[in-house]
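In case you want the letters, here they are:
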Amino acid sequence: MFVWGYIDKEVPIAAEVSDKCPRCQVMTPHHLKCEYQIVHLYVWLRSVKSEKTIATCDRCGLRTELVGEKRGLIDRLPSGDPIPIFDRYGSNLLVLLVLALFIWFMVTIGA
Ligand SMILES: [Zn+2]
């Protein structure tokens with residue numbers, strides 16, 4: 001049953017950065033993508049457990065994870081958070097909304 005578990009996902013980041021490829025030893029364009037893992041409960045309640053940004057060299061295809069100061073490459077991008085808001089926050093807001101409506105309904109009935 002899919003009551004709870006982990007889901008691995010990835011989303012492309014719509015941007016290219018120029019970085020020195022460890023294999024090519026020159027500055028090459030890199031495509032970026034965000035790989036992340038979410039932990040979910042009943043599919044609806046979910047939150048991001050881990051995330052990392054992978055840069056793939058356009059020339060040789062080497063994948064490197066952006067860590068440390070290299071993360072500055074993506075912090076300057078205007079694209080913002082690549083992780084969809086539903087994965088980032090789950091439907092916690094939806095649950096709260098339904099709960100609020102339910103309480104409002106009960107109070108209205110009781111009045
Ligand atoms: Zn390369």
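Since this is a predicted model, take the numbers as computed values, not measurements.

Engineer: Even after reading the chapter, I still don't get the pairing of strand 4 (residues 63-66), so can you show me in this structure?
Structural biologist: Look at any regular strand and the pattern is simple: side chains alternate between the two faces of the sheet. Across four bridges, the pairing between strand 3 (residues 45-57) and strand 4 is antiparallel. For Thr 56, the partnering residue across the bridge sits in strand 4 and is Arg 63. If you look at the hairpin formed by strand 3 and strand 4, you'll find five residues sitting between the two strands, and Gly 61 has a positive phi there, around 80°.

Engineer: Just checking my understanding: could you explain the environment of Pro 84 for this structure?
Structural biologist: In this fold, Pro 84 is placed in the loop between helix 1 (72-75) and helix 2 (85-89). For the pair Pro 84 and Val 11, spaced 73 residues apart in sequence, the C-alpha to C-alpha distance is 8.7 Å.

Engineer: Mind showing me how you'd approach unusual backbone geometry here?
Structural biologist: In terms of backbone geometry, most residues other than glycine have negative phi values and most peptide bonds are trans. Its identity as a non-glycine residue notwithstanding, Gln 25 has a phi of 65°, on the positive side. Looking at the secondary structure, you find Gln 25 in the loop between strand 1 (4-20) and strand 2 (27-41). Accessibility expressed as a C-beta count within 10 Å gives 8 for Gln 25, which makes it exposed.

Engineer: Which parts of the structure should I look at to understand the confidence of the model for the protein chain?
Structural biologist: A low pLDDT score tells you not to read the predicted coordinates there in detail. When the pLDDT values of the protein chain are averaged, the result is 84; 88% of them are 70 or greater. Confidence, expressed as mean pLDDT per element, reaches its minimum in the protein chain at helix 1 with 69 and its maximum at strand 4 with 92.

Engineer: Hey, could you run me through the environment of Leu 45 in this one?
Structural biologist: Along the chain, Leu 45 falls in strand 3. Along the primary structure Leu 45 and Leu 93 are separated by 48 residues, whereas in three dimensions their C-alpha atoms are 9.9 Å apart.

Engineer: Whenever I open this one, the sheet that holds strand 4 confuses me. Can you help?
Structural biologist: What the four strands build is an open sheet, ordered 1-2-3-4; its pairing is antiparallel. Either end of the sheet is taken by a strand with one partner, and the two such strands are strand 1 and strand 4. Across the sheet, the axes of successive neighbouring strands diverge by a mean angle of 30°, strand direction being ignored. Where strand 1 and strand 2 come together, 15 bridges link them in antiparallel fashion. Following the sheet pairing, Lys 20 is matched in strand 2 by Met 27.

Basis of the calculations
- Residues numbered from 1 in each chain as written.
- Predicted model: local features only at pLDDT ≥ 70, side-chain atom pairs only at ≥ 80, totals over all residues.
- Pairing = 2+ DSSP bridges.
- Helix = DSSP H or I, 4+ residues; strand = E, 2+ residues; numbered from the N terminus.
- Buried ≥ 20, exposed ≤ 12 C-beta atoms within 10 Å, placed from the backbone.
- pLDDT = per-residue confidence, 0-100.
- Axes fitted to C-alpha atoms, helices over the stretch in contact; angles between N-to-C directions.

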